[in-house]
Amino acid sequence: MTLSDERLLEACRRGDESAWESLVERYQRLIYAIPRRAGLDKDQASDVFQEVFTTLFEKLDSIEQPERLQAWLVTTARRKTWRLISREKRVQNPGWDEEENETELDKLPDETLLPDEVLINLEEQHKVRTALGALDERCRKLLTMLFYLAETPPYAEIAAAIGTTEGSIGPTRARCLKKLMQQLS
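Since the model is a prediction, treat every value here as computed from it, not as a measurement.

Chemist: Is there a simple way to explain the overall build of the protein chain in this structure?
Modeler: Counting its regular elements, the protein chain contains nine helices and zero strands. When its helices and strands are written in sequence order, the protein chain yields α-α-α-α-α-α-α-α-α. Across the 185 residues that make up the protein chain, the buried fraction comes to 36%. By sequence separation, contacts in the protein chain at least 24 residues apart represent 58% of the contacts at least 6 residues apart. As presented, the protein chain carries roughly 11500 Å² of accessible surface, and 48% of it is formed by carbon and sulfur atoms.

Chemist: Looking at this structure, I do not really get a nonpolar patch on the surface. What am I missing?
Modeler: A cluster of nonpolar side chains, contributed by Phe 147, Tyr 148 and Leu 177, occupies part of the molecular surface with about 300 Å² of accessible area. Locating Tyr 148 in the fold gives a position in the loop between α7 (137–147) and α8 (155–162). For Tyr 148, a relative accessible area of 44% gives the class partly exposed.

Chemist: How should I be thinking about the state of the cysteines in this particular structure?
Modeler: A full pass over the atoms with the stated rule returns one disulfide. Two residues share a disulfide in this structure: Cys 139 and Cys 176, whose sulfurs sit 2.1 Å from each other. Negative torsions about the S-S bond denote left-handed disulfides, and the value of about -75° found for Cys 139 with Cys 176 makes this one left-handed. Here Cys 176 lies in helix α9 (residues 169–184) and Cys 139 lies in helix α7, a separation of 37 residues in the sequence. Here Cys 139 matches Cys 176 in class, with each residue buried.

Conventions used here
Residues numbered from 1 in each chain as written. Predicted model: local features only at pLDDT ≥ 70, side-chain atom pairs only at ≥ 80, totals over all residues. Heavy atoms only, no water. Helix = DSSP H or I, 4+ residues; strand = E, 2+ residues; numbered from the N terminus. Buried < 20%, exposed > 50% of the residue type's maximum accessible area, 1.4 Å probe, protein only. Contact = heavy atoms within 4.5 Å. Areas by Shrake-Rupley, 256 points an atom, 1.4 Å probe, with all protein chains shown as cover. Patch = residues over 30% accessible without salt bridge, like charges linked within 9 Å, V, L, I, M, F, W, Y side chains within 5 Å. Salt bridge = Lys/Arg side-chain N within 4 Å of Asp/Glu carboxyl O. Disulfide = S-S within 2.5 Å.

Purely geometric stuff here, so don't read any function into it on its own.
Structure follows, in structure tokens:
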């Protein structure tokens, strides 16, 4: 069973290390993607990632709306990304004017730090991955093979992997998709 953000935060506040690991694992892709989309390299994105979770750890007890943790993490990642970009601009160009912040956002590779459409897409992908992770192993394996691989394997291979016949893949897929939809609700 997958714990809600609220429950994970409560457990983190009590010092539960496994809850902290679950929280980091749940949001690592989303948080790492924000600086990468802003044009930062892997090392810089890792620095932002570390700063975001360090800040979360420091402010663990002061988060007033645990149900909005994802929004808090995204906002924090965006701010830390922008600060890193600003810091590097100042180092590379000592005459860089802080008042140019607004126009600098337009010069990023994707024209904005993270467009709302991309952010929504990342959040939806995160929700689906989390829901998929909450399914039983058979459904998780079947849906991953059908929808997450670059090329869908032959039904014979899928059937062997989940221990069923080729003819039962369709009905099993329907049941698994129904379970996934319930997890997403």
